[in-house]
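Overview (structure and organization)
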Amino acid sequence: MTVTSTISFLGQSLAQSSRLGDLRTTLDDLQRQATSQKKTTTFSGLGSDALSVQRFRTTQSLLQSYLDNIDKVSSRMTLMTNAMQAMSEQVSSLVSAIQLNLQGGQTDMSSINQQAKDSLQMVEDLVNTNLDGHYLFSGSDVTNVPFVDDTTLNANFQNQVTGWLNGSISNAQITANTDAFTTANLGLSSGLITAGTMTARVDQDIDVDYTVKADSAGFQDIIRALTFAANLKYPDPNTDVPTQTNFNDVLSHILTIASNGRSEMDS
């Protein structure tokens, strides 16, 4: 007797239906993944990767805070860099004007005075650069203006120039006295002395220090040179004691301070 091995039509239909069902489930899952950008809706669906994903989710907010810090500090540093570049340009203009006058033999102090006054006003504004309520050159003392007193600043230099013109102060004394002016004498906030640094955490155990305070040497020398030039007067040979040589020496000293301030600011 011959035995024929066959599969029932019902069995084939059920197997085919099962495979189609599995295919539909797979297609639905792939479509969901493409739409939601998620591999699975449950951690169990990730298999051995589940623990790594859970760890990542716990640090995601921390990573975002690093990105936010980088964006915030980048904006501040760009603004600070632009401000310092502008200050350097202002003092460069003064340096050029003084050099031109010294080379020419005749000094137009009224022109230098006005240029220095205009530049000083711009520098004072730049020193007080503010972003989102933070004074960028105040160190950690961000809520207080770094430059506070233009009146005192100019009065201090005017007093020195007056004493120099009437002979009560020599060349050596006027340069020494103005060089010794403190941050307060230069119109800067006393809070700068104790203000701390500004740092931003941009990665695990990595802090960026982006502190630039207005009481640093570059800022002080630029303010000192501009204010000195704004208030220096050419001696009247009929009433004043200093000679042309004395005047040129003082002007050369201002030039040196201005050049130093520019170099410090650029660096």
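A quick note: this is a predicted structure, and the numbers were derived from the prediction, not measured.

1. Structural notes on the nonpolar core
Formed by 53 residues in total, the largest nonpolar core has its most connected members in M87, F137, F219, I223, F228, L232 and I254. Taken together, the elements giving at least two residues each to this core come down to α2 (50-104), α3 (109-127), α4 (150-165), α7 (217-231) and α8 (244-266). Per-element tally for this core: the top contributor is α2, with ten residues.

2. Focus: the pairing of strand β3 (residues 199-203)
The pairing of β3 with strand β4 (residues 206-209) spans four bridges and is antiparallel. By the bridge assignment for β4, R201 is matched with D207. Joining the antiparallel neighbours β3 and β4 is a turn of two residues, in which D205 adopts a positive phi near 65 degrees.

3. With respect to the pattern of salt bridges
Within this structure, the stated rule accounts for two salt bridges. Salt-bridge contacts for D221 lead to R224; the nearest nitrogen and oxygen are separated by 3.8 Å. Highlighted residues: D221 and R224, both in helix α7, separated by three residues, approximately one helical turn. The exposure class of R224 is buried, given its relative accessible area of 5%.

4. Re the environment of V123
Residue placement: V123 occurs in helix α3. Distance in space between the C-alpha atoms of V123 and M87 is 5.8 Å, their sequence separation being 36 residues. In this structure V123 touches M87, Q90, I222, I223 and L226, once residues within four positions along its chain are discounted.

5. Description of empty space enclosed by the protein
All chains considered together, the criterion is met by one cavity of 30 Å³ or more. Here the largest cavity defines a volume of roughly 50 Å³. Surrounding the largest cavity, R76, M80, H134, Y135, L136, G139, V142, M198 and Y210 form its lining. Mapped onto the lining of the largest cavity, the elements with two or more residues apiece are α2 and β2 (134-135).

6. Quick look at α3
Each turn of an α-helix holds 3.6 residues, which means side chains three or four residues apart point in the same direction. Look at α3: 26 Å from first C-alpha to last across 19 residues, which is about the 27 Å you get at 1.5 Å a residue. Here α3 has its buried residues at M109, I112, N113, A116, S119, L120, V123, E124, L126 and V127. Along the axis of α3, the buried positions cluster into a sector of 150 degrees, meaning they face one direction only.

7. Description of the confidence of the model for the protein
Of all residues in the protein, 83% attain a pLDDT of 70 or more, and the chain-wide mean is 87. Per-element confidence in the protein ranges from a low mean pLDDT of 68 for helix α1 (residues 9-36) to a high of 98 for α4.

8. Examining the environment of M109
Counting through the fold element by element, M109 comes out in helix α3. Assessed through its relative accessible area of 6%, M109 is described here as buried. Taking the C-alpha atoms as reference points, M109 and I98, separated by eleven residues in sequence, lie 9.3 Å from one another. Setting aside residues up to four positions removed in sequence, M109 forms contacts with A229, L232, Y234, F247 and L251.

9. Some points on the packing of aromatic side chains
Evaluated as defined, the whole model comprises four aromatic pairs. Taken together, a centroid distance of 5.5 Å and an interplanar angle of 50 degrees make the contact between F157 and F228 tilted. Residue F157 is found in helix α4, and its partner F228 is found in helix α7; the two are separated by 71 residues along the sequence. As far as burial versus exposure is concerned, F157 and F228 are alike and both buried. Three or more aromatic residues joined by ring pairs make a cluster, and in this case those are F157, F181 and F228.

Cut-offs and rules
Residues numbered from 1 in each chain as written. Predicted model: local features only at pLDDT ≥ 70, side-chain atom pairs only at ≥ 80, totals over all residues. Heavy atoms only, no water. Core = buried A, V, L, I, M, F, W, Y, C linked by side-chain atoms within 4.5 Å. Buried < 20%, exposed > 50% of the residue type's maximum accessible area, 1.4 Å probe, protein only. Helix = DSSP H or I, 4+ residues; strand = E, 2+ residues; numbered from the N terminus. Pairing = 2+ DSSP bridges. Salt bridge = Lys/Arg side-chain N within 4 Å of Asp/Glu carboxyl O. Contact = heavy atoms within 4.5 Å. 1 Å grid on protein atoms, 1.4 Å probe; cavity = no way out; pocket = protein on both sides within 12 Å on 5 of 7 lines; lining within 4 Å. Points joined across faces, edges and corners; volume = space filled by probe spheres on them. Expected span 1.5 Å × (residues − 1). Arc of directions from axis to C-beta. pLDDT = per-residue confidence, 0-100. Phe/Tyr/Trp six-rings, centres within 6.5 Å; stacked < 30°, edge-to-face > 60°.

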